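Read off the chains here:
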Amino acid sequence: MDMKLTGDIRCDFEKVTAENVRLKDRILGYQETISSLRSSLKAARKSKDLQRADYEELLAQKDAVIKELENRLAHELALKGHDGTNTGTPTSQTPIGKKKVIPNSRRNTGKKKGGQPGHEKHILTPPQASTVTETVEHGAGDDGFACPDCGSENFAPTGESETKYEYDIEVKVVRREHIYYYYRCLDCGTQFRSMIEPQLKEKCQYGSMVQAVALSLLDTVNAPVNKTGMFFAGMTAGELAPCDGYISKLQNRAGQTLVQFCEELRLFMITRTLLYWDDTVIMINTARACFRFYGDETIAYYTAHLHKDMESLDDDSVLALLTADTKIMHDHNKVNYNDKYSFDNIECNQHLQRDCQKNSNDTCHKWSDDLKEHISRTIKDRKDAIDNGASAFDDAYIKKFNRKLDKILKSGWKENLKDPSNYGAHFEETLLKRIEEYRRNYFLWLEDFTLPTTNNLSERGLRGIKSHMKISGQFESEKAAQNFARIKTYIETCRRNRINEILALQRLCEGNPYTVEEIFTH
């Protein structure tokens, strides 16, 4: 801004001084404005950063929610795909609307179902004349029987006949009377009676056959206690109707009688060179408990415990007594690898194949399908080799198997690392590590055809208790579960050695059960 000077030094000095003051005030105003603008800019930038951070946090939360929903969807799809081929789900629990998968490892021969050409038809054979217990003659009678052609009732026998046979069961109530005589010693005068069997302690009681059938219904058919009494009442037209209390006491008495038998069987069992074992969950008085199987093709040894833990295994006193010469088949029970045990472990390949199928369903990765197929093909080759008299694969075949296995596992790790965010990635990593760590235990059957490939024998042994739980729901006490286990041990071991179940139970109820020595020299 131009300033006009007058030439008067004093006057011009005052003007200049006043102008300087005014300019300084303006500069101060500008500086305050600049400072305010800078503060506003700083606050705006800080607000922008906060808004950006909030926005990014919201984005992260949105991505997390999306990922969680994706995982939940993947989880539900995986659960929907679970069945008997990829998990331990029984076929009875197949969801409505889904095709039931029946596990079957047999080969398709291409033949039609049913009897094959040239196969002998199985029919009942007529009994010999001397064994016929009842003869029923069917004549014309008085019911309006007439000639089928003309309707005449004027006819006479020709002397010819046609015979049909029928096998049936007749339930007959036996009312058996036992008389025990008294005697007097002619030397000392002592009076005594002939010996009464322990099972006849009451004035009147049910016989050993009634007791044997009741135990069979309870422990094999899995009939409830009240239905067992109803069965007898129905079969005998109400003449025999054991009460619930009697049947419960019968179960308890039979279980206690078998304590010594089970101990002898346990000591006999631990001398075997190959055993199977597995356990499952049961309910005892509304709490989860454990029911366990040990055995082989001829032995079935059951135990029951309140807890599924190392302490219950120690109580069984089976695994700890096995030597290094014994091989144990199981479903990857890691407790088997405890340092306190000496036996050699073999793992179930059927469970491994189920895990492979589960991984394929969850991750859509190819390597697990390849491994499942590789195992199935090798097991089929083993069956062919056994049919041809081989006892093991040769070294060349085993090397070829291992090369293929190495290739599959390498592919598995590559797929896992490439897709770390996959819903099933963690399970897949665990599965790969397990196969690598326990590789020898899974595939020892390649070197010895006497070793099994699966633990199906244990699973079949435990199938009955699952049916029992569906019907009865639970055991009232650990003692009741243990009694069931002992009776099941006796029945199954007798059956596996071709001893009639009812006859075996009848001997048990008479106080003279089969001994281990009798069973295995039968």
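Residues numbered from 1 in each chain as written. Predicted model: local features only at pLDDT ≥ 70, side-chain atom pairs only at ≥ 80, totals over all residues. Heavy atoms only, no water.

What exactly am I supposed to notice about the sheet that holds strand S6 (residues 327-330) here?
Two pairing modes exist for strands in a sheet, parallel and antiparallel, and in both the strands are linked by backbone hydrogen bonds. Spatially, S5-S4-S3-S6-S7 is the arrangement adopted by the 5 strands of the open sheet, whose pairing is mixed. Either end of the sheet is taken by a strand with one partner, and the two such strands are strand S5 (300-305) and strand S7 (344-347). When the angles between neighbouring strand axes are averaged without regard to direction, this sheet yields 25°. In this structure, strand S4 (residues 287-295) lies alongside S5, joined through 6 bridges in antiparallel fashion. (Pairing = 2+ DSSP bridges. Helix = DSSP H or I, 4+ residues; strand = E, 2+ residues; numbered from the N terminus. Axes fitted to C-alpha atoms, helices over the stretch in contact; angles between N-to-C directions.)

What am I meant to see in the pattern of salt bridges here?
As a working rule, side chains carrying opposite charge can pair if their charged atoms are close by. The full count for this structure, using the stated rule, is 23 salt bridges. The partner of glutamate 459 in a salt bridge is arginine 354, with the nearest N and O atoms 3.7 Å apart. Here the residue glutamate 459 occupies a position in helix H12 (residues 456-472), and arginine 354 occupies one in helix H7 (residues 349-363), the gap between them amounting to 105 residues. The same class applies to glutamate 459 as to arginine 354, namely buried. The closest approach of N and O atoms between glutamate 492 and arginine 495, which form a salt bridge, is 2.7 Å. Of the two residues, glutamate 492 and arginine 495 both sit in helix H13 (residues 478-496), 3 residues apart, roughly one turn of that helix. (Salt bridge = Lys/Arg side-chain N within 4 Å of Asp/Glu carboxyl O. Buried < 20%, exposed > 50% of the residue type's maximum accessible area, 1.4 Å probe, protein only.)

Could you clarify how one ought to interpret the nonpolar core in this entry?
Soluble globular proteins tend to pack their nonpolar side chains together in the buried interior. In this structure, Ile282, Phe291, Leu352, Trp367, Leu371, Phe443 and Phe475 are the most contacted members of the largest nonpolar core, which totals 45 residues. Core analysis: the next-biggest nonpolar cluster, separate from the first, contains 41 residues, Leu265, Phe343, Tyr490 and Ile519 among them. (Core = buried A, V, L, I, M, F, W, Y, C linked by side-chain atoms within 4.5 Å.)

Could you clarify how one ought to interpret the pairing of S7 in this entry?
When a strand is regular, its side chains alternate between the sheet's two faces. Where burial is concerned, the two faces of S7 agree: the one with Asp344 and Ile346 and the one with Asn345 and Glu347 are both buried. Where S6 meets S7, 4 bridges bridge the pair, whose relative direction is parallel. Within the sheet, the bridge partner assigned to isoleucine 328 lies in S7 and is asparagine 345.

Whenever I open this one, helix H8 (residues 367-387) confuses me. Can you help?
Between the first and last C-alpha of H8 there are 30 Å, a value that for 21 residues agrees with the 30 Å anticipated at 1.5 Å per step. Here the buried face of H8 lies against H7, helix H9 (395-418) and helix H10 (425-437). Two residues or fewer past H8, glycine 389 is found with a positive phi of approximately 90°. (Expected span 1.5 Å × (residues − 1). Contact = heavy atoms within 4.5 Å.)

How should the environment of isoleucine 247 be read in this particular structure?
Take isoleucine 247: it is sitting in helix H4 (residues 244-257). Overall, the relative accessible area of 1% leaves isoleucine 247 in the buried class. For the pair formed by isoleucine 247 and valine 335, sequence separation is 88 residues and the distance between their alpha carbons is 38 Å. The residues touching isoleucine 247, leaving out its near neighbours within four places in the chain, are Leu218, Val225, Thr228, Gly229 and Pro242.

How should helix H3 (residues 225-235) be read in this particular structure?
Structural remark: α-helix, 3.6 residues per turn; residues separated by three or four positions point the same way. Among the residues of H3, Thr228, Gly229 and Phe232 are the ones counted as buried. The buried residues of H3 occupy an angular sector of 95° when the element is viewed end-on, so they sit on one face. Of the exposed residues in H3, the ones pointing more than 90 degrees away from its buried face are Met230 and Gly234. (Arc of directions from axis to C-beta.)

What should I look at first to understand the packing of H13 against helix H14 (residues 501-509) in this one?
Helices that pack against each other are described as a pair by the angle of their axes relative to one another and the distance between those axes. Here H13 crosses H14 at 135°, and the two axes come no closer than 9 Å. What the angle tells us is that H13 and H14 run oblique. The handedness of the crossing between H13 and H14 comes out as right-handed. Counted together, Tyr490, Ile491, Cys494 and Arg495 of H13 and Glu501, Ala504, Leu505 and Leu508 of H14 form the full contact between these two elements. When grouped by side-chain class, the residues that make up the contact of H13 with H14 number 6 nonpolar, no polar and 2 charged. (Parallel < 35°, antiparallel > 145°, perpendicular 65-115°, else oblique. Left-handed = near helix turned anticlockwise from the far one by under 90°. Nonpolar A, V, L, I, M, F, W, Y, C, P; charged D, E, K, R; others polar.)

Would you mind going over the environment of glutamate 70 with me for this structure?
Take glutamate 70: it is sitting in helix H1 (residues 9-80). In the structure, glutamate 70 is positioned 221 residues away from phenylalanine 291 in sequence and 38 Å away in space, judged by C-alpha atoms.

Please explain the packing of helix H2 (residues 208-219) against H4 as it appears in this structure.
It is the contact of H2 with H4, at a shortest axis distance of 10 Å, that shows an interaxial angle of 85°. On the basis of the axis angle, H2 is roughly perpendicular to H4. Contacts between H2 and H4 involve Gln211, Ala214, Leu215, Leu218 and Asp219 on the former and, on the latter, Tyr246, Ile247, Leu250, Gln251, Arg253 and Ala254.

It is not clear to me how the side chain of serine 216 should be interpreted in this structure. Could you clarify?
As for its position among the elements, serine 216 is in helix H2. For serine 216, the side chain forms a polar contact with the side chain of glutamate 501, separated by 2.7 Å. Once residues lying within four places of it in the same chain are set aside, the contact partners of serine 216 are Val221, Glu501, Ile502 and Leu505. (Polar contact = N/O pair within 3.5 Å; in protein donor to acceptor, adjacent residues only side chain to side chain.)

What's the story with the state of the cysteines in this structure? I'm lost.
Disulfide: a covalent bond formed between the sulfur atoms of two cysteine residues. Tallied over the full model, the rule gives 0 disulfides. Of all cysteine sulfurs, the one in cysteine 150 lies closest to cysteine 147, which takes part in no disulfide; the gap is 3.8 Å. (Disulfide = S-S within 2.5 Å.)

What is the right way to read a negative patch on the surface from this model?
On the surface, Glu134, Glu166, Asp168 and Glu170 cluster together to form a negatively charged patch. Mapped onto the fold, glutamate 134 is located in the loop between H1 and strand S1 (182-184). (Patch = residues over 30% accessible without salt bridge, like charges linked within 9 Å, V, L, I, M, F, W, Y side chains within 5 Å. Areas by Shrake-Rupley, 256 points an atom, 1.4 Å probe, with all protein chains shown as cover. Lys, Arg positive; Asp, Glu negative; His and termini not counted. Charge placed at Lys NZ, Arg CZ, Asp CG, Glu CD.)

Is there a simple way to think about the pairing of S5 in this case?
Where burial is concerned, most of S5 is hidden: 6 out of the 6 residues are buried. Linkage of S4 to S5, two consecutive antiparallel strands, is achieved through a turn of 4 residues.

Honestly, the packing of aromatic side chains in this entry has me stumped. Any pointers?
Aromatic ring pairs are reported here in terms of the distance separating the ring centres and the angle at which the planes meet. Scanning the model with the defined rule gives 18 aromatic pairs in all. Relative to phenylalanine 484, the ring of phenylalanine 475 lies with its centre 5.5 Å away and its plane at 55°, an arrangement referred to as tilted. Of the two residues, phenylalanine 475 and phenylalanine 484, neither departs from the other in class, the shared state being buried. Taken together, the ring pairs in this structure connect Phe291, Phe293, Tyr302, Phe475 and Phe484 into an aromatic cluster. If you follow lysine 358 out to its NZ or CZ, it ends over the ring of phenylalanine 427, 4.1 Å from the centre. (Phe/Tyr/Trp six-rings, centres within 6.5 Å; stacked < 30°, edge-to-face > 60°. Lys NZ or Arg CZ within 6 Å of the ring centre and 35° of its normal.)

Distances and angles like these do not, on their own, reveal function.
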